[in-house]
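One-letter residues, chain by chain:
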Amino acid sequence: MTCSAIWTVANQKGGVGKTTTTVTLAGLLAKQGLQVLLVDLDPHASLSHYFGLDENDSVKGVFDIFTCSEKLTVDVIQPCIYASHIDNISVLPANMNLATLDGQLGQSPGMGLALKQALHCIKPWYDIVLIDCPPILGVLMINALAASSQVIIPVQTEHLAIRGLDKMMQSLLLLEHKLSKQFVKTVVPTLFDKRLRATASAYKALHQQYHQTLWSDVIPIDTHFRDASAAHMPASHQFPNTRGVRAYAKLLTYLQQHKVTIPHVVG
Amino acid sequence: MLLDEYMDTLLTESAAHLPTKTTLAASLQTLLQSVSETPTNASPHSFSQVCPQQSNEQPEGVQALWQRLPNKMFPALLFDIAGVSVAAPLAELGGIHSYVPLQHIVGRPSWYAGYVEIKGQGINCIDGAKWLLLDTHLDKMAGSLHLNTTTDVIPDISYQPHNEYQYIVMLHESNWGIACHNLRDIILIDKDDVNWRDTNVKRPWLAGLIKQQMCAMLDTLQLTDMLDAGLSSNQR
Ligand SMILES: Nc1ncnc2c1ncn2[C@@H]1O[C@H](COP(=O)(O)OP(=O)(O)OP(=O)(O)O)[C@@H](O)[C@H]1O
Ligand SMILES: [Mg+2]
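Here's what I pulled together on the structure shown here. Since this is a predicted model, take the numbers as computed values, not measurements.

What follows is about the site of ligand 1. All names here are of chain A. Close to ligand 1 lie 16 residues, the nearest being Lys18, Thr19, Thr20, Pro220 and Asp222. In the model, an oxygen atom of ligand 1 is placed 3.0 Å from a nitrogen or oxygen of the glycine 17 main chain. Here an oxygen atom of ligand 1 sits 2.8 Å away from a polar atom, N or O, in the side chain of threonine 19. Here ligand 1, which alone exposes 630 Å², has 80% of that area covered by the protein. Looking at the shell around ligand 1, the elements with two or more residues in it are helix H1 (18-31) and helix H10 (224-230). Among the elements that make up the shell around ligand 1, the one with the highest residue count is H1 (3 residues). Along the lines of polarity and charge, the residues of the shell around ligand 1 split into 7 nonpolar, 5 polar and 4 charged.

Following this line, the structure appears as structure tokens:
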């Protein structure tokens, strides 16, 4: 329990499956017995919603960390983290106030490193941290990326979405340069509908442009994800044996075996 | 380039969390009156022990306790957890500490009592009573320990034991320790006096039962394997 991996799930495009990817991977990691911390950076708090933490603004969370005027310590951060109803998953929730950060603090020096500092304090307690981003390149996404070593980029298998991917990849390049580090990047085709011809040709285009970072499989369209979200449960727990979950399990194996080192739990 | 400058400012290492932010944060706080003051320390969801899909893999290469013990007679420590007497071979214990206040960590299973550093060693402490009693009905528990519900002292589930723990018994060389209420004795045990269990079935951490002392024999290696995997006493 000493070193933890930090993964960010990001794309500047909305509705591509970022939150679904974050929650499902977290569920699968938790089932492996790993201690998972989920960080919700989206003001819409759809990740927090999964865990019933979006009901009111009085819930402490990421916002309190960004606006904390003291030095960030374990004592400041711990009250912002909640045990979830899923074994091995804890949540650092978001709320609507986060949307104001870009306007208010978005330009202040050093603001992009607040989350990194916060996670540094609590890293020893978790085997892995997963961060869900809003679909905007702003102070929140920059915080996530500055803290992470790996980036998972869900892309809807559709031509328009792929065009948007260029923007995201450029932002990542620029950040890599600024941070003097290289992300392990994995592009994940999502919402794959094999019945549509457009999907196949979009996948082809994706493969041509991004074959180096592209995961070789796809996440299929599966209505169970919507049902799981309605039930406030990770699909990995609600519908463990569905096509969609199996595809995420494959993705996780890939991320764990080929790309990243997740420490296996040691006492 | 605008984005370039923007990133430069945000990622200024030296400026991170400097006092300049204090005023910004303060003014933001006043701007956002909706931010309530409630410090919610308590988690809104109680941590439930429902984990239906745990892996069933047995740890490889761990021999059963009776096979690991080289001699027919072996010394064991007897200690009490919430009225249940528990034994573990001395050879597989890493030491005993006096119980000290622990740092609670959110998100851990209920059997995880907390973390503490003693003499530079980081210790993950198990709440002994919760581990033994977790999801186990009293009668079943008594049954598996061969206790007689009417005459023997049996643990009371409503009892809050952690205030009265006295010792942390360390499990082999791991950094796991189990909190207990009392150290009873060190005794010499004959392998033949133990009802060894088949550890491939449920509760691999329970190696067997010592008939004479009416006490549960721990398999510390199996136990720490389960703890490392985040499992609970009734899982696997
Ligand atoms: N593989 C899938 N099959 C079917 N539906 C899916 C799949 N993945 C996600 N969805 C559904 O698509 C919608 C958008 O997904 P999700 O919220 O994960 O995207 P997002 O990128 O996080 O969106 P936002 O940018 O708004 O945060 C949700 O209703 C979700 O349940
Ligand atoms: Mg989302």
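In terms of nonpolar packing, the biggest core is built from 106 residues, with Val39(A), Phe66(A), Leu119(A) and Phe79(B) touching the most fellow members. Judged by nonpolar contacts, the second largest core, of 38 residues, contains Ala30(A), Tyr82(A), Ile152(A) and Ile219(A).

Let us look at the sheet that holds strand E6 (residues 167-171) of chain B. All names here are of chain B. Taken in spatial order, the 5 strands line up as E3-E6-E7-E5-E4 in an open sheet, and their pairing is mixed. Two strands in the sheet have a free side with no partner beyond their single neighbour: strand E3 (93-98) and strand E4 (112-118). Taken pair by pair, the neighbouring strands of this sheet meet at an average axis angle of 30 degrees, ignoring direction. With 3 bridges connecting them, strand E5 (residues 121-126) and strand E7 (residues 176-180) associate as parallel partners. For isoleucine 126, the partnering residue across the bridge sits in E7 and is isoleucine 178. Contacts from helix H6 (residues 220-228) reach E3, E5, E6 and E7 within the one sheet, and its direction differs from that of E6 by about 95 degrees.

Conventions and cut-offs
- Residues numbered from 1 in each chain as written.
- Chains lettered and ligands numbered in written order.
- Predicted model: local features only at pLDDT ≥ 70, side-chain atom pairs only at ≥ 80, totals over all residues.
- Heavy atoms only, no water.
- Near = heavy atom within 4 Å.
- Polar contact = N/O pair within 3.5 Å; in protein donor to acceptor, adjacent residues only side chain to side chain.
- Areas by Shrake-Rupley, 256 points an atom, 1.4 Å probe, with all protein chains shown as cover.
- Helix = DSSP H or I, 4+ residues; strand = E, 2+ residues; numbered from the N terminus.
- Nonpolar A, V, L, I, M, F, W, Y, C, P; charged D, E, K, R; others polar.
- Core = buried A, V, L, I, M, F, W, Y, C linked by side-chain atoms within 4.5 Å.
- Buried < 20%, exposed > 50% of the residue type's maximum accessible area, 1.4 Å probe, protein only.
- Pairing = 2+ DSSP bridges.
- Axes fitted to C-alpha atoms, helices over the stretch in contact; angles between N-to-C directions.
- Contact = heavy atoms within 4.5 Å.

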